[in-house]
Amino acid sequence: MYQEYLNRRKKLFAQMAPESATLIFAAAENNKNFDYNFQYRQDKNFFYFTGFNEPQALFILIKRHNNNQCIIFNQKKNTNNKQWFGSNLGQKSALKKLYVNYSYTWNDIENRLYLILNYLHVVYYAIGLNEKYDKIFFLTLEKLRLKSKKNKKFCAPKRILDWRLFVYKMRLIKSKQEIYFIQKACDISILAHIRAIKFCQPKRYEYELVAEIHHEFLRNGCLTNSYNTIVGSGENSCILHYTKNNKKMKNGELVLIDAGCEYCNYTSDITRTIPVNGIFLKEQRIIYHIVLDMLNLALKLFKPNIKIKIINIQVIQLLLSKLKSIGLINGTINQLMHTKIYKKFFMHRLCHWIGLSVHDCEYMPCNDNTILKPGMTLAVEPGIYIPKNNNIPFLYRGIGIRIEENIVITSKGNKIFTQNLIKTPNEIEKLMRKPI
Ligand SMILES: [Mn+2]
């Protein structure tokens, strides 16, 4: 696995200017209450180059005199008191395990960082991610500037550039290893969805489904969700980021389940919508099939060298013609496209990147102008959410349906990571008829 990290560093070095350094900080810890923190979440870019999961660390790539070297500042061995928090990597092991040329203690940054950056032309740093780290960075530059006024041995870098463009471009195309991790995350999430679907019945609470889902994540070694699990029944299915999950599910309602776990830091993001009592009502089934048709059309269209805009237009045209055919909207397709009336029913994007983050590579847009390439990994998630207003026939009001698959673009088309999770109404009804 370590070859992966070395390859990534090599690729980044190749893009760096001569006499330059790239600085990437680990994520800071977030305090939850008084003297304890939220579960630690490593910064995804830091992880991408190091595979290292400790806080208080700074990873540096230096390109000087055509010589590439890596340095890490990390916590001193057991500074956090081994008895309370367990042991950490320390400096000596960092050299071997993280494949770096030098390892210094975190507290040494003030004394060493300015020397490391001395006489470089360019420093790549992402300003604004963390105030405390920005301060360390700016104070270091200022120190060099002040010293350079008095002593020719010192000179501050002249240009500060952002590494994000390079790094996110790299992260956008996944390696075989990364695709394997995403597949594993999807496989485990599929088990969790099946468990929840089987367990679902009227009078149970939404959080009982959450419990089934998280149980399956945990027993398969996934200690972290990709995002807060969404289980929304009835009207809650129309709330896109509903995470209260505390309502009793009723007979005749739908329940939307959006849940995915992380495997080796790689995410999955899957949604299914099912009838609480195991049988779709007529109107629910009609809307469900429209969403399914949108999804199937999209899955046919996701392939290399196509612009996302082309896919969006075709999927939205399909949505409009179907909504028209059941009388929920009126007008010509051209007019309806122009007025963007579909946003009343489908207000989020059709797709987003997945990877180390569930909304991966946020610095690289996944929008109309993006052209798809092999190795890109996405969640595809058409949905219809019908508002509860008087213009809508009564039985359609409050129906919220989303179906979400995860895919990777291949040389010829795409591969669906989540292919093995049932999604037609008949399959869902059949599964819900089985005894638990
Ligand atoms: Mn999603």
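In the annotation of an unreviewed UniProt entry, the chain is listed under the name Xaa-Pro aminopeptidase. Regarding the chain, the relevant UniProt record gives this comment under Catalytic activity (unreviewed entry): "Release of any N-terminal amino acid, including proline, that is linked to proline, even from a dipeptide or tripeptide." Turning to the chain, the UniProt record has this under Cofactor (unreviewed entry): "Mn(2+)".

Student: Whenever I open this one, the pattern of salt bridges confuses me. Can you help?
Tutor: Once their charged atoms are close, side chains differing in charge can pair, the charge on each being opposite to the other. Under the criterion given, the structure shown has 20 salt bridges. One salt bridge connects Glu-381 with Arg-402, and the closest N-O pair in it is separated by 3.7 Å. With Glu-381 in the loop between strand 15 (377–380) and strand 16 (383–385) and Arg-402 in strand 17 (residues 400–402), this residue pair connects regions lying 21 residues apart in the sequence. For the pair Glu-381 and Arg-402, one class covers both residues: buried.

Student: Explain the environment of Tyr-114 to me, please; I cannot follow it from the model alone.
Tutor: Mapped onto the secondary structure, Tyr-114 falls in helix 5 (residues 109–117). For the pair Tyr-114 and Arg-349, spaced 235 residues apart in sequence, the C-alpha to C-alpha distance is 44 Å. In contact with Tyr-114, not counting residues within four places along its chain, are Thr-140, Lys-143, Leu-144, Lys-147 and Phe-154.

Student: Would you explain a positive patch on the surface in this entry?
Tutor: Judged by side-chain charge, Lys-77, Lys-82, Lys-92, Lys-96 and Lys-97 come together as a positively charged surface patch. Considering each element in turn, the positive patch owes the most residues, 3 residues, to helix 4 (residues 90–97). Relative to the helices and strands, Lys-92 resides in helix 4. By relative accessible area, which is 71% here, Lys-92 ends up exposed.

Student: Which parts of the structure should I look at to understand the nonpolar core?
Tutor: Most often, soluble globular proteins keep nonpolar side chains buried together rather than apart. Within the largest apolar cluster, 110 residues are counted, with the highest numbers of intra-cluster contacts made by Phe-302, Leu-372 and Ile-384. Of all the elements, helix 10 (residues 282–301) adds the most residues to this core, at 10 residues. When we break this core down by domain, the ones giving at least three residues each are domain 1 (2–170) and domain 2 (173–433). When neighbours within four sequence positions are excluded, Leu-372 is seen to be in contact with Phe-302, Lys-303, Pro-304, Asn-305, Ile-306, Ile-308, Ile-311, Trp-353, Leu-378 and Ile-409. Listed in part, the 24 residues of the second largest apolar core include Ile-71, Phe-73, Tyr-104 and Ile-109.

Student: Looking at this structure, how should I read the sheet that holds strand 8 (residues 159–161)?
Tutor: Across a sheet, paired strands are connected by hydrogen bonds in the backbone, their directions being either parallel or antiparallel. As summarised here, the arrangement of the 6 strands in space is 6-5-4-1-7-8, forming an open sheet in which the pairing is mixed. The open sheet is flanked by strand 6 (102–105) and strand 8, the only strands paired with a single partner. Sheet twist, expressed as the mean angle between neighbouring strand axes with direction ignored, is 20°. Judged from the 6 bridges that link them, strand 1 (residues 20–25) and strand 4 (residues 58–64) form a sheet pairing that is antiparallel. Each bridged residue has a counterpart across the sheet, and for Leu-23 the counterpart in strand 4 is Ile-60.

Student: Before we go on, may I ask you to explain the environment of Asn-37 in this structure?
Tutor: By secondary structure assignment, the location of Asn-37 is in strand 3 (residues 36–37). For Asn-37 and Leu-256, which are 219 residues apart along the polypeptide, the C-alpha to C-alpha distance reads 31 Å. Every residue in contact with Asn-37, bar those within four places of it in the chain, is listed here: Glu-29, Asn-30, Asn-31 and Lys-32. Here Glu-29 takes part through its side chain, which lies 3.3 Å from a polar atom of the side chain of Asn-37. In terms of polar contacts, Asn-37 uses its side chain to reach the side chain of Asn-31, at 3.4 Å.

The rules behind the values
Each chain has its residues counted from 1, following the order in which its sequence is written. Given that the model is predicted, a residue must reach a pLDDT of at least 70 before its local features are reported, and side-chain atom pairs must reach 80 or more before they are shown or counted; all residues, however, enter totals for whole chains, interfaces and linings. To obtain the side-chain values, all non-hydrogen atoms of the structure were used and water was disregarded. UniProt positions are given in the numbering used here, feature names are shortened, and annotations may be inferred rather than shown by experiment. Counted as salt bridges are all cases of a side-chain nitrogen of Lys or Arg within 4 Å of a carboxyl oxygen of Asp or Glu. Note on conventions: DSSP H or I runs of at least 4 residues are helices, E runs of at least 2 residues are strands, and numbering of each starts at the N terminus. A simple rule labels every residue: compare its accessible area, found with a 1.4 Å probe on the protein chains alone, to the largest value its type can have, and call it buried under 20%, exposed over 50%, or partly exposed in between. Only heavy atoms matter for contacts: two residues are in contact if any of them lie within 4.5 Å across the pair. Residues with no salt bridge and a relative accessible area higher than 30% make up the patches, which join like charges within 9 Å and nonpolar side chains (Val, Leu, Ile, Met, Phe, Trp, Tyr) within 5 Å. Using the Shrake-Rupley algorithm and a 1.4 Å probe, accessible areas are obtained, with residue cover drawn only from the displayed protein chains. In summary, the charge assignment counts Lys and Arg as positive and Asp and Glu as negative, without counting His or the chain termini. Working definition for charges: the position is that of NZ of Lys, CZ of Arg, CG of Asp or CD of Glu. Take the buried residues of types Ala, Val, Leu, Ile, Met, Phe, Trp, Tyr and Cys, join any two whose side-chain atoms come within 4.5 Å, and each joined set is a nonpolar core. Here the limits of each domain have been adopted from an automatic or database domain assignment. By the convention used here, strands pair only if DSSP detects at least 2 bridges between them. Every angle, taken between N-to-C directions, lies between 0 and 180 degrees, and every axis is a line fitted to C-alpha atoms, over only the stretch in contact when it is a helix. Distance and chemistry together define a polar contact, namely a pair of N or O atoms within 3.5 Å, with one atom able to donate a hydrogen and the other to accept it when in protein, and with adjacent residues in sequence counting only for side-chain atoms on both sides.

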